[in-house]
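Listed below are the residues making up each chain.
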Amino acid sequence: MWPDEYAFLLENAEEVDLHITPATREDGTPGKAITRKALKVRISQQDFEEIWPLAEARYRPGGRFSGKAITLITTNPHYKSWHPSDGGSEESVSASGQRYTTRYVIVHFLLDDVRETVEA
């Protein structure tokens, strides 16, 4: 299961299709293009560093994505176009008057349906 303490990261997730370019076959002809469902999320750099150990493993989230499985894409070469990328930054002022900057990254989670086996 996706850890409850990180459930808020998926609240504003956008469902997208990843169009993966085909690899060239040994005979030189192009392979078939693949489309995968994914979640695109903008999260803080700090949150990304916290969930990094969860990368490349499948998790089952709750809430609106219940019945699905997600896998955080980080360094998989098949998905290099969707590795974490710059999500910009925001300047803010704390309650004490100190200025600070929050940096963001754009991450993608592969999104799959989960089928449960049922005993008859």
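What counts, and at which threshold
- Residue numbering note: each chain is counted from 1, following its sequence as written.
- Where local features are concerned, this predicted model is filtered to residues with pLDDT of at least 70; where side-chain atom pairs are given and counted, the filter is 80 or more; whole-chain, interface and lining totals use all residues.
- Hydrogens and water are ignored here; the side-chain numbers use all heavy atoms of the structure.
- Starting at the N terminus, helices and strands are each numbered in turn, a helix being any DSSP run of H or I of at least four residues and a strand any DSSP run of E of at least two.
- Taken over C-alpha atoms, the radius of gyration is set against a globule rule of 2.2 Å times the number of residues to the power 0.38.
- Note on classification: 1.4 Å probe, protein chains only; a residue is buried when its accessible area is under 20% of the maximum for its type, exposed when over 50%, partly exposed between these limits.
- Should any heavy atoms of two residues lie within 4.5 Å, those residues are considered in contact.
- Shrake-Rupley sampling with a 1.4 Å probe provides the accessible areas, and residues are treated as covered by the protein chains on show and by no other component.
- We score Asp and Glu as negative and Lys and Arg as positive, and we do not count His or the chain ends.
- Every charge is mapped onto a representative atom, which is NZ of Lys, CZ of Arg, CG of Asp or CD of Glu.
- Nine residue types can take part in a nonpolar core, namely buried Ala, Val, Leu, Ile, Met, Phe, Trp, Tyr and Cys, and a core is a set of them joined through side-chain atoms within 4.5 Å.
- Ring pairs are drawn from Phe, Tyr and Trp, using the six-membered ring of Trp, whenever the two centres fall within 6.5 Å, and their geometry is named by plane angle: stacked under 30 degrees, edge-to-face over 60, tilted for the rest.
- Look at NZ for Lys and CZ for Arg. If either is within 6 Å of the ring centre and within 35 degrees of the ring normal, a charge sits over the ring.

1. Observations regarding the overall build of the protein chain
So, point 1. Helix and strand counts for the protein chain stand at 1 helix and 6 strands.
So, point 2. Ordered by position in the sequence, the α and β elements of the protein chain form the string β-β-α-β-β-β-β.
So, point 3. For the protein chain, the C-alpha radius of gyration of 18 Å lies well beyond 14 Å, the compact-globule estimate for 120 residues.
So, point 4. Dimensions of the protein chain, computed from C-alpha atoms along their principal axes, come out at roughly 65 × 50 × 20 Å.
So, point 5. Burial status across the protein chain gives 34% buried among its 120 residues.
So, point 6. Considering only contacts within the protein chain whose residues lie at least 6 apart along the sequence, 57% involve residues at least 24 apart.
So, point 7. Split by element, the accessible area of the protein chain, about 8,300 Å² in all, is 47% carbon and sulfur.
So, point 8. Seen as two clouds, the 14 positive and the 19 negative side-chain charges of the protein chain have centres 6 Å apart.

2. Section: the nonpolar core
So, point 1. Membership of the largest hydrophobic core comes to 20 residues, with the highest contact counts inside it found for W2, L39, I51 and F109.
So, point 2. In terms of residues, this core owes the most to one element, strand 6 (residues 99-113), which gives 4 residues.
So, point 3. Contacts of F109, omitting those with residues within four sequence positions, involve W2, L10, K37, A38, L39, V41, I51, I70, T71 and L72.

3. Structural notes on the packing of aromatic side chains
For any pair of aromatic rings, geometry is given as the distance between the ring centres together with the angle between the planes.
So, point 1. Applying the stated rule across the entire model yields 4 aromatic pairs.
So, point 2. With 5.6 Å between their ring centres and 75° between their planes, W2 and Y59 make a pair best called edge-to-face. In this pair, W2 sits in the segment before strand 1 (14-20) while Y59 sits in strand 3 (residues 58-59), placing the two residues 57 residues apart along the sequence. Each member of the pair W2 and Y59 is classed as buried.
So, point 3. Note on F48 and W52: the rings are 5.7 Å apart at their centroids and 75° apart in plane angle, and the pair reads as edge-to-face.
So, point 4. By way of ring pairs, the aromatic residues W2, Y6, Y59 and F109 are connected into one cluster.
So, point 5. One Lys or Arg, R42, reaches over the ring of Y104 and ends 4.0 Å from the middle of that ring.

4. What to know about unusual backbone geometry
So, point 1. Its identity is not glycine, yet E56 carries a phi of approximately 65°, on the positive side.
So, point 2. The residue E56 is located in the loop between helix 1 (45-51) and strand 3 in this model.

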